[in-house]
Amino acid sequence: MYMPMEQEVRGYLVTGSCLVIIVSLILLIYWLIKYKEKNIIWFIAHLLTLALSLFLLINLLIGPNFSNYGITPEENSLQLALSGITWVVSIIFLAKGILEFIKQNVRNKNST
(Lines give C-alpha, C1' and ligand atoms only; values in the text may rest on other atoms or scores of the structure.)
Protein backbone atom coordinates (compact mmCIF):
# COMPACT_ATOMS: atom_id res chain seq x y z
CA MET A 1 0.00 0.00 0.00
CA TYR A 2 1.21 3.49 -0.76
CA MET A 3 0.10 6.99 0.07
CA PRO A 4 -2.52 8.25 -2.40
CA MET A 5 -1.86 11.68 -3.88
CA GLU A 6 -2.61 13.63 -7.02
CA GLN A 7 -0.57 12.55 -10.03
CA GLU A 8 1.27 15.88 -10.43
CA VAL A 9 2.42 15.86 -6.82
CA ARG A 10 4.52 12.76 -7.38
CA GLY A 11 6.48 14.43 -10.17
CA TYR A 12 6.92 17.61 -8.15
CA LEU A 13 8.10 15.63 -5.14
CA VAL A 14 10.70 13.68 -7.10
CA THR A 15 11.84 16.58 -9.28
CA GLY A 16 12.05 19.05 -6.42
CA SER A 17 13.94 16.66 -4.17
CA CYS A 18 16.41 15.73 -6.91
CA LEU A 19 16.94 19.37 -7.85
CA VAL A 20 17.71 20.44 -4.29
CA ILE A 21 20.08 17.51 -3.70
CA ILE A 22 21.93 17.99 -7.02
CA VAL A 23 22.35 21.77 -6.63
CA SER A 24 23.54 21.32 -3.03
CA LEU A 25 25.99 18.61 -4.04
CA ILE A 26 27.39 20.75 -6.87
CA LEU A 27 27.88 23.67 -4.47
CA LEU A 28 29.62 21.50 -1.89
CA ILE A 29 31.95 19.98 -4.47
CA TYR A 30 32.70 23.45 -5.86
CA TRP A 31 33.55 24.73 -2.37
CA LEU A 32 35.66 21.65 -1.69
CA ILE A 33 37.71 22.34 -4.82
CA LYS A 34 37.85 26.13 -4.40
CA TYR A 35 38.73 26.30 -0.71
CA LYS A 36 40.49 22.92 -0.41
CA GLU A 37 38.73 22.46 2.92
CA LYS A 38 38.70 18.76 3.77
CA ASN A 39 35.91 19.15 6.36
CA ILE A 40 33.43 19.78 3.55
CA ILE A 41 33.63 16.03 2.89
CA TRP A 42 31.51 15.49 6.04
CA PHE A 43 28.77 17.66 4.53
CA ILE A 44 28.98 15.78 1.22
CA ALA A 45 28.61 12.50 3.14
CA HIS A 46 25.64 14.03 4.99
CA LEU A 47 24.01 15.08 1.74
CA LEU A 48 24.50 11.69 0.08
CA THR A 49 23.07 9.72 3.00
CA LEU A 50 20.22 12.22 3.28
CA ALA A 51 19.54 11.71 -0.44
CA LEU A 52 19.43 7.94 0.10
CA SER A 53 17.03 8.38 3.00
CA LEU A 54 14.87 10.68 0.92
CA PHE A 55 14.90 8.22 -1.97
CA LEU A 56 13.72 5.40 0.28
CA LEU A 57 11.00 7.56 1.80
CA ILE A 58 9.74 8.89 -1.53
CA ASN A 59 9.78 5.39 -2.98
CA LEU A 60 7.63 4.27 -0.07
CA LEU A 61 5.23 7.20 -0.45
CA ILE A 62 4.66 7.17 -4.20
CA GLY A 63 4.28 3.52 -4.94
CA PRO A 64 5.64 0.02 -5.22
CA ASN A 65 9.30 -0.68 -4.79
CA PHE A 66 11.49 -2.33 -7.43
CA SER A 67 10.01 -5.79 -6.99
CA ASN A 68 7.41 -7.42 -9.22
CA TYR A 69 5.37 -8.79 -6.35
CA GLY A 70 3.02 -7.14 -3.90
CA ILE A 71 4.45 -5.17 -1.05
CA THR A 72 3.71 -6.54 2.38
CA PRO A 73 3.41 -4.35 5.46
CA GLU A 74 6.67 -5.87 6.71
CA GLU A 75 8.49 -4.63 3.61
CA ASN A 76 6.99 -1.18 4.07
CA SER A 77 8.16 -1.17 7.69
CA LEU A 78 11.63 -2.30 6.66
CA GLN A 79 11.89 0.39 4.01
CA LEU A 80 10.71 3.03 6.48
CA ALA A 81 13.25 1.79 9.05
CA LEU A 82 16.05 1.93 6.47
CA SER A 83 15.03 5.46 5.60
CA GLY A 84 15.16 6.41 9.27
CA ILE A 85 18.54 4.77 9.80
CA THR A 86 20.10 6.54 6.81
CA TRP A 87 18.61 9.81 8.04
CA VAL A 88 20.25 9.28 11.46
CA VAL A 89 23.59 8.54 9.77
CA SER A 90 23.25 11.72 7.72
CA ILE A 91 22.67 13.75 10.89
CA ILE A 92 25.78 12.18 12.44
CA PHE A 93 27.81 13.27 9.39
CA LEU A 94 26.33 16.76 9.63
CA ALA A 95 27.19 17.03 13.33
CA LYS A 96 30.73 15.76 12.68
CA GLY A 97 31.22 18.35 9.94
CA ILE A 98 29.97 21.17 12.16
CA LEU A 99 32.19 19.97 15.03
CA GLU A 100 35.26 19.91 12.76
CA PHE A 101 34.60 23.47 11.60
CA ILE A 102 34.14 24.61 15.22
CA LYS A 103 37.41 22.92 16.24
CA GLN A 104 39.19 24.56 13.31
CA ASN A 105 37.73 27.95 14.21
CA VAL A 106 38.82 27.59 17.84
CA ARG A 107 42.35 26.56 16.74
CA ASN A 108 42.57 29.56 14.43
CA LYS A 109 41.46 31.93 17.22
CA ASN A 110 43.95 30.43 19.68
CA SER A 111 46.86 30.71 17.22
CA THR A 112 46.30 34.44 16.60
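What counts as what
Residues numbered from 1 in each chain as written. Predicted model: local features only at pLDDT ≥ 70, side-chain atom pairs only at ≥ 80, totals over all residues. Heavy atoms only, no water. Core = buried A, V, L, I, M, F, W, Y, C linked by side-chain atoms within 4.5 Å. Buried < 20%, exposed > 50% of the residue type's maximum accessible area, 1.4 Å probe, protein only. Helix = DSSP H or I, 4+ residues; strand = E, 2+ residues; numbered from the N terminus. Contact = heavy atoms within 4.5 Å. Phe/Tyr/Trp six-rings, centres within 6.5 Å; stacked < 30°, edge-to-face > 60°.

Trainee: Please clarify how the nonpolar core should be interpreted in this entry.
Mentor: A general tendency of soluble globular proteins is for nonpolar side chains to be buried together. Membership of the largest hydrophobic core is limited to 6 residues, which are I21, L28, I40, F43, I44 and L47. Those elements that place two or more of their residues in this core are α1 (7-35) and α2 (40-62). The dominant element in this core, judged by the number of residues it contributes, is α2, at 4 residues. The residues contacting I40, other than those within four sequence positions of it, are L28, W31, L32 and F101.

Trainee: Sorry, what's going on with the packing of aromatic side chains here?
Mentor: Aromatic rings in a pair are described by how distant their centres are and how their planes are angled relative to each other. Scanning the entire structure with this criterion turns up 2 aromatic pairs. Centroid distance W42 to F93: 5.9 Å. Interplanar angle 40°. Geometry classified as tilted. Residue W42 is found in helix α2, and its partner F93 is found in helix α3 (residues 73-111); the two are separated by 51 residues along the sequence. Owing to a relative accessible area of 28%, W42 belongs among the partly exposed residues under this scheme.

Take it as geometry only, folks, not as evidence of what the structure does.
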